[in-house]
Amino acid sequence: MNITTLSARSVSKAKAVGRIAGAAALLASLAACVTSQQTMPMPPPPSAVAMLQAKSSSSVGGSVSFAQEGAKVRVVAHVTGLKPGQEHGFHVHEKGDCSAPDAMSAGGHFNPSSHPHGPQSAPHHGGDMPSLKADAKGNADANFLIDGVVLGTGGADLMGKAVVVHAMPDDYMTQPTGNSGGRIACGVIATPTGVDATGQPVSVPKTM
Ligand SMILES: [Cu+2]
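Only a predicted model underlies this, so the values are computations on that prediction, with no experimental measurement involved. (Residues numbered from 1 in each chain as written. Predicted model: local features only at pLDDT ≥ 70, side-chain atom pairs only at ≥ 80, totals over all residues.)

Peer 1: Would you take a moment to explain the overall build of the chain for this structure?
Peer 2: When helices and strands are tallied, the chain shows one helix and 10 strands. The order of helices and strands in the chain, counted from the N terminus, is α-β-β-β-β-β-β-β-β-β-β. Counting only contacts in the chain whose residues sit at least 6 apart along the sequence, the fraction spanning at least 24 positions is 60%. (Helix = DSSP H or I, 4+ residues; strand = E, 2+ residues; numbered from the N terminus. Contact = placed C-beta atoms within 7 Å.)

Shown next, in the form of structure tokens:
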């Protein structure tokens, strides 16, 4: 093998590499094009978030987000500092006031339709939600839909109300509270920072 052959091979190898790189770049730009077409047109539905404050000497924290999804509202909760393995009553309460150390300032369950307290499968308060289930580390992630409430309009509007986490499980029977004990976290449901009153993003919130 002489030097001429070697360099000829190197050149052809370099060309091959160049072609592969060119094809990859083309594919990448096509993919970007498809992605931008899919994500561009729809304005986001109304959404809100509640940042949880620890109450009753707990160390509970986290966030609960809400988004209108058709006639229902999607609730996504990430909660920390719970009792490991414990089920915790979880409701929207009628007053957006978490100022009291025991969160009693948030009032009773949000109940715009004057229903009894109950599970999602039976007549229930608009603010009734499935209990949070803490894992072995005291964290709970939940993602579910609730009905009988909306975001951003009318008497069933969740905006400006408060999310409350309780110390004990909800029995879904005791009226009107579910007998879920003290209030260990509270957060006011508000428009996410950077999103205007109609839910249009002004900028992407960084804490979500
Ligand atoms: Cu409650």
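Peer 1: What's the story with the sheet that holds strand β9 (residues 162-166) in this structure? I'm lost.
Peer 2: Backbone hydrogen bonds are what pair the strands of a sheet, in a parallel or an antiparallel way. Reading across the sheet, the four strands line up as β2-β10-β9-β6 and stay open at both edges, with antiparallel pairing between neighbours. Of all strands in the sheet, those bounded by a partner on one side alone are β2 (53-54) and β6 (90-93). With four bridges joining them, β6 and β9 adopt antiparallel strand pairing. The residue bridging Val92 from the neighbouring strand is Val163, located in β9. (Pairing = 2+ DSSP bridges.)

Peer 1: What is the right way to look at the nonpolar core in this model?
Peer 2: As a rule of thumb, nonpolar side chains are buried together in soluble globular proteins. Among the nonpolar cores identified, the biggest contains 36 residues, and Leu52, Ala162 and Val165 are the most heavily contacted of them. Elements supplying a minimum of two residues to this core: β1 (47-51), β3 (61-69), β4 (72-80), β6, β8 (140-146), β9 and β10 (183-188). With residues near it in sequence (within four places) discarded, Val165 still touches Leu52, Val60, Val79, His88, Phe90, Leu132, Ile184 and Ala185. (Core = buried A, V, L, I, M, F, W, Y, C linked by C-beta atoms within 7 Å. Buried ≥ 20, exposed ≤ 12 C-beta atoms within 10 Å, placed from the backbone.)

Peer 1: Which parts of the structure should I look at to understand the sheet that holds β3?
Peer 2: Taken together, four strands build an open sheet; the order of strands is β1-β3-β4-β8 and the sheet is antiparallel. With partners counted over all chains shown, the strands left at the sheet margins are β1 and β8, one partner each. Between one strand axis and the next, the sheet turns by 10 degrees as a mean value, whatever way the strands run. With seven bridges connecting them, β4 and β8 associate as antiparallel partners. What sits directly across from His78, in β8, is Asp141. (Axes fitted to C-alpha atoms, helices over the stretch in contact; angles between N-to-C directions.)

Peer 1: Would you explain unusual backbone geometry in this entry?
Peer 2: Working note: non-glycine residues mostly have negative phi, and peptide bonds are mostly trans. Of note, the bond from Gln175 into Pro176 is cis; its omega dihedral lies within 30 degrees of zero at -5 degrees. In this structure, Pro176 sits in the loop between β9 and β10. Even without being glycine, Ala103 reaches a positive phi, approximately 60 degrees. Mapped onto the elements of the fold, Ala103 is located in the loop between β6 and β7 (132-133). For Tyr172, which is not a glycine, the phi torsion comes out positive at approximately 55 degrees. Examined against the element boundaries, Tyr172 turns out to sit in the loop between β9 and β10. A tally of 20 C-beta atoms within 10 Å means that Tyr172 is categorised as buried.

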